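Summary of structural features
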Amino acid sequence: AAAVAAVELVKVYGSGDAAVRALDGVSVTFARAAFTAIMGPSGSGKSTLMHCLAGLDRATSGAALLGGTDLTTQSERVLTKVRRDRIGFVFQSFNLLPQLTVAQNITLPLDLSGKKADRALFAQLVNQLGLADRLTHRPSELSGGQQQRVALARALVTRPEVLFADEPTGNLDSRSSAEVLGLLRESVSTLGQTVIMVTHDPVAAAYADRVVVLADGRIVRDLNRPSAAEIA
Ligand code: ADP
Ligand code: ADP
């Protein structure tokens, strides 16, 4: 089965004259161990699609499938568990806890779900992400790129079925962006991670295996390994 799928997904915000059809019947499947970028102009429905597929928001109709589970019909309680146990998140704003060390930030999701850290995976992530000599630092002592690498380690340490990245390079300079995008790619090739990234940046999207383009709540293009010219 696909890792993630949308089936005729519709999301309407508000009602009556004020209703906004943010998703207008989106059907798409995301294969395991693939890196997909979702692109499109501002207001095209990228965040809404991600939020519905990640159980952060509930679709109006259609199905949002995570490994066969339809998230649109689950209770809030179940969705909270699904987000915690089965999904990894990376955001533009890093969302690290300032009072915790790097190591504590990385293992936080394991502590929250009562799981023990997989020491081998922790060590592999910390080394791959270049954080080995930063483990006792606080987030405020790190650069933006380093903070996003901590957020990435935190997202991967639970071995999530899918990693959602929402504009992960939005607050980074071009060098740190390239680093983080390269590491996202590497998580796909070395860990078999499924990655779905929302971005409006063609340079970021060029790191993906596939680029899905939204406009007005519909998929208007679906490109495999597109050239830079095709994405721009
Ligand atoms: P994108 O991520 O591509 O910028 P969004 O998914 O944020 O697009 O938004 C899609 C459409 O839905 C836009 O018209 C936006 O204004 C609208 N929208 C998004 N969130 C809300 C909300 N909470 N309430 C009402 N309208 C919303
Ligand atoms: P923005 O894209 O507006 O800068 P963020 O990237 O911080 O905002 O977050 C995007 C959305 O994801 C927010 O609307 C919020 O509801 C949700 N979100 C942010 N942080 C978390 C988190 N740690 N866990 C779950 N959901 C989050």
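In case you missed it, the structure is sitting above this.
We now turn to the structure provided with this report. (Residues numbered from 1 in each chain as written. Chains lettered and ligands numbered in written order. Predicted model: local features only at pLDDT ≥ 70, side-chain atom pairs only at ≥ 80, totals over all residues. Heavy atoms only, no water.)

1. Here we look at the site of ligand 1
Within the structure, ligand 1 sits among Y13, V20, A22, P41, S42, G43, S44, G45, K46, S47 and T48. Residue S44 places a main-chain N or O atom 3.2 Å away from an oxygen atom belonging to ligand 1. Between ligand 1 and T48, the relevant distance is 2.6 Å, taken from an oxygen atom to a side-chain nitrogen or oxygen of the residue. Protein chains shield 58% of the accessible area of ligand 1, which is 560 Å² for the free molecule. Of the residues in the shell around ligand 1, the class split is four nonpolar, six polar and one charged. (Near = heavy atom within 4 Å. Polar contact = N/O pair within 3.5 Å; in protein donor to acceptor, adjacent residues only side chain to side chain. Areas by Shrake-Rupley, 256 points an atom, 1.4 Å probe, with all protein chains shown as cover. Nonpolar A, V, L, I, M, F, W, Y, C, P; charged D, E, K, R; others polar.)

2. A few points about the pairing of strand β1 (residues 4-13)
With eight bridges connecting them, β1 and strand β2 (residues 20-30) associate as antiparallel partners. By the bridge assignment, K11 is partnered in β2 with L23. Where β1 hands over to β2, the hairpin turn is made up of six residues, of which G14 adopts a positive phi near 70 degrees. (Pairing = 2+ DSSP bridges. Helix = DSSP H or I, 4+ residues; strand = E, 2+ residues; numbered from the N terminus.)

3. A short note on the site of ligand 2
Lining the immediate environment of ligand 2, one finds H51, L56, F91, Q92, S93, N95 and D166. With respect to ligand 2, the side chain of S93 contributes an N or O atom lying 2.8 Å from an oxygen atom. A distance of 3.0 Å separates a nitrogen atom of ligand 2 from a polar atom in the side chain of N95. For ligand 2, the accessible surface in isolation is 550 Å², of which the surrounding protein chains cover 46%. Taken together, the residues of the shell around ligand 2 break down into two nonpolar, four polar and one charged.

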